[in-house]
Amino acid sequence: MNISELRLLNYRNFENEMISLHPSVNIILGDNAEGKTNLIESIFYLSTLRPIRPVKDRELISRGCGFARLEATLNRTDRTHALEITLSNAARKRLVKNGVVQKKAADFIGTLRTVLFSPDDMNLIKETSVKRRRMVDIALCQLRPNYLMHLSEYNRALEQKSRLLRSLDEKPSLADMIPAYNERLAVHGAHIIASRHRYLQQLREHSAAVAEAISGGKDAMDLRYVPMSNIPDASLPTADVAELIRAHQKSHYQAELASKTCLSGPHRDDFEVLVNGVSAKCFASQGQIRTAVLSLKLAERDIAQKDTGEYPILLLDDVLSELDGDRQNFVLNRINTGQVFISSCTMDKYAEISTGRLFRIRHGSVIHVQDF
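Owing to the predicted nature of the structure, the values given are computational and were not obtained by experimental measurement. (Residues numbered from 1 in each chain as written. Predicted model: local features only at pLDDT ≥ 70, side-chain atom pairs only at ≥ 80, totals over all residues. Heavy atoms only, no water.)

Draft legend 1. Region of the structure containing helix H9 (residues 325-332). Of the positions making up H9, those classed as buried are Arg327, Gln328, Phe330, Val331 and Leu332. Where H9 is buried, its residues meet helix H4 (178-215), helix H8 (286-308) and strand S12 (313-317). (Buried < 20%, exposed > 50% of the residue type's maximum accessible area, 1.4 Å probe, protein only. Helix = DSSP H or I, 4+ residues; strand = E, 2+ residues; numbered from the N terminus. Contact = heavy atoms within 4.5 Å.)

Okay, structure coming up:
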């Protein structure tokens with residue numbers, strides 16, 4: 001799959017840009033704060049309906065404007081798709097696919113699939129579990145519309161129950177509603193855990209192979225899914241996992257009332273990265289951490305290709321500057337298939353790329369410099 005045309009209207013620092021893109025490598029040069037990441041983010045948003053960093057949609061609209069629009073012409077093996085997103089200060093976002101307004105996000109997400117690798121990802125292993133869950137959720141939402149449905153329903157019930165717990169001091173009678181929320185969380189949570197388990201098994205296999213190749217066989221990488229403490233095996237049937245969530249909810253009921261926090265469910269999941277049998281978070285060197293993160297991102301791309309038959313679009317947001325020469329070369333040697341976007345301040349690392357298009361961003365304008 002590849003994007004042939006991208007239009008940005010009142011998006012971030014882009015006033016009105018129409019960009020014709022190369023089906024292979026697109027290099028975006030520019031100084032800091034010129035809009036390189038904003039351009040990368042627009043493609044990521046068309047894919048996931050999420051900005052790169054968590055901000056409200058209205059913050060994506062250019063200052064002083066009432067709306068923003070993102071449009072893309074997407075070429076896939078089956079057909080060409082026209083995607084359009086309109087963000088407004090006064091209304092909900094409007095999603096249009098092939099001229100038809102989409103009522104559900106699940107009908108839009110997954111048409112365009114991306115894998116994003118940014119400098120923030122270098123902290124993926126050492127940061128809190130929130131970032132690791134987000135990585136898995138973004139990948140699964142693009143591949144599995146059913147997963148997006150369960151995740152949306154789960155998050156809605158979680159927010160409602162959390163709000164209820166915080167209100168119990170003023171309205172104790174609200175406690176009667178907790179069992180209904182718990183049931184929704186158990187049913188949808190079980191599906192989330194099952195999907196995460198299957199995906200992490202794939203990620204484990206593919207990332208181990210990539211890490212071995214990068215390190216020349218010196219480092220063995222492994223993943224371990226860490227769901228709730230009373231789930232001994234995430235591969236159990238979904239009905240059994242739901243029953244274990246219910247048991248955890250029951251045993252933690254008083255603790256939830258005291259803490260006013262939901263303590264049971266996959267919103268507390270994590271996965272652990274191991275290098276040579278020990279926790280990468282605690283014991284890995286900086287080089288091993290970078291190899292592990294790079295392996296996870298390239299494995300994410302390989303899984304999507306194997307699952308769908310098409311490479312997702314790879315978004316490299318100024319990330320190669322975070323890697324040493326060997327790891328840079330490893331990435332560049334793997335981008336000869338599929339469409340790739342690379343943002344950078346300099347052209348130094350990309351002289352050997354044989355096919356692609358070079359752009360430069362100045363003051364929010366995207367200038368086509370040359371093809372090569």
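Once you've had a look at it, read on.
Draft legend 2. Geometry of empty space enclosed by the protein. All told, the structure shown has three cavities of 30 Å³ or more when counted by the stated rule. The volume enclosed by the largest cavity comes to roughly 70 Å³. For the largest cavity, the full set of lining residues is Arg113, Thr114, Val115, Ala139, Gln142, Leu143, Tyr199, Glu300, Ala304 and Pro312. Those elements that provide at least two residues to the lining of the largest cavity are strand S8 (114-117), helix H2 (129-143) and H8. Looking at which element gives the most residues to the lining of the largest cavity, the answer is H2, with three residues. (1 Å grid on protein atoms, 1.4 Å probe; cavity = no way out; pocket = protein on both sides within 12 Å on 5 of 7 lines; lining within 4 Å. Points joined across faces, edges and corners; volume = space filled by probe spheres on them.)

Draft legend 3. Structural context of the pairing of strand S6 (residues 94-97). Judged from the four bridges that link them, strand S5 (residues 80-88) and S6 form a sheet pairing that is antiparallel. Across the sheet, glutamate 84 pairs through a bridge with valine 96, a residue of S6. The turn joining S5 and S6, which pair antiparallel and follow one another in sequence, is formed by five residues. Where S6 lies against strand S7 (residues 100-101), two bridges are found, and the strand directions are antiparallel. Pairing of valine 96 across the sheet is with valine 101, part of S7. Taking the residues that link successive antiparallel strands as the turn, the S6-S7 hairpin has two residues, and the phi of asparagine 98 there is positive, at about 55°. (Pairing = 2+ DSSP bridges.)

Draft legend 4. The arrangement of the pattern of salt bridges in detail. Under the counting rule described, the total for this entry stands at 26 salt bridges. Here glutamate 159 and arginine 163 are joined by a salt bridge, their closest N and O atoms 3.3 Å apart. You can see glutamate 159 and its partner arginine 163 sitting in helix H3 (residues 145-167), four residues apart, about one turn around the helix. Arginine 163 gets classed as partly exposed once you look at its relative accessible area, which sits at 41%. One salt bridge in this structure joins aspartate 324 and arginine 327, with 2.4 Å as the shortest N-O distance. Overall, aspartate 324 belongs to the partly exposed group, its relative accessible area being 36%. (Salt bridge = Lys/Arg side-chain N within 4 Å of Asp/Glu carboxyl O.)

Draft legend 5. Local environment of the layout of surface pockets. Here the largest pocket is characterised by a volume of approximately 1,300 Å³. Taken together, 37 residues make up the lining of the largest pocket; nearest its centre are Leu49, Arg50, Leu148, Ser152 and Asn155. Residue assignment for the lining of the largest pocket shows that the elements contributing at least two residues are helix H1 (36-48), S6, H2, H3 and H4. Ranked by residues supplied to the lining of the largest pocket, first place goes to H3 with eight residues. For the lining of the largest pocket, a count of residues per class yields 18 nonpolar, five polar and 14 charged. One number sums up the size of the second largest pocket: a volume of about 400 Å³. As for the second largest pocket, its lining consists of 20 residues, and the residues nearest its centre are Thr37, Asn38, Ile52, Arg53 and Asp317. It is H1 that contributes the most residues to the lining of the second largest pocket, four residues altogether. (Nonpolar A, V, L, I, M, F, W, Y, C, P; charged D, E, K, R; others polar.)

Draft legend 6. Representation of the side chain of asparagine 182 in the model. By secondary structure assignment, the location of asparagine 182 is in helix H4. The exposure class of asparagine 182 is buried, given its relative accessible area of 10%. There is a polar contact of 2.6 Å between the side chain of asparagine 182 and the side chain of lysine 161. Setting aside chain neighbours within four positions, we find asparagine 182 in contact with Lys161 and Gln249. (Polar contact = N/O pair within 3.5 Å; in protein donor to acceptor, adjacent residues only side chain to side chain.)

Draft legend 7. View of H3. When the terminal C-alpha atoms of H3 are compared, their 34 Å separation across 23 residues agrees well with the 33 Å that a helix rising 1.5 Å per residue should span. For H3, the set of buried residues is Tyr147, Leu148, His150, Leu151, Tyr154, Ala157, Leu158, Lys161, Ser162, Leu164 and Leu165. Next to the buried residues of H3 lie H2, H4 and helix H6 (253-259). (Expected span 1.5 Å × (residues − 1).)

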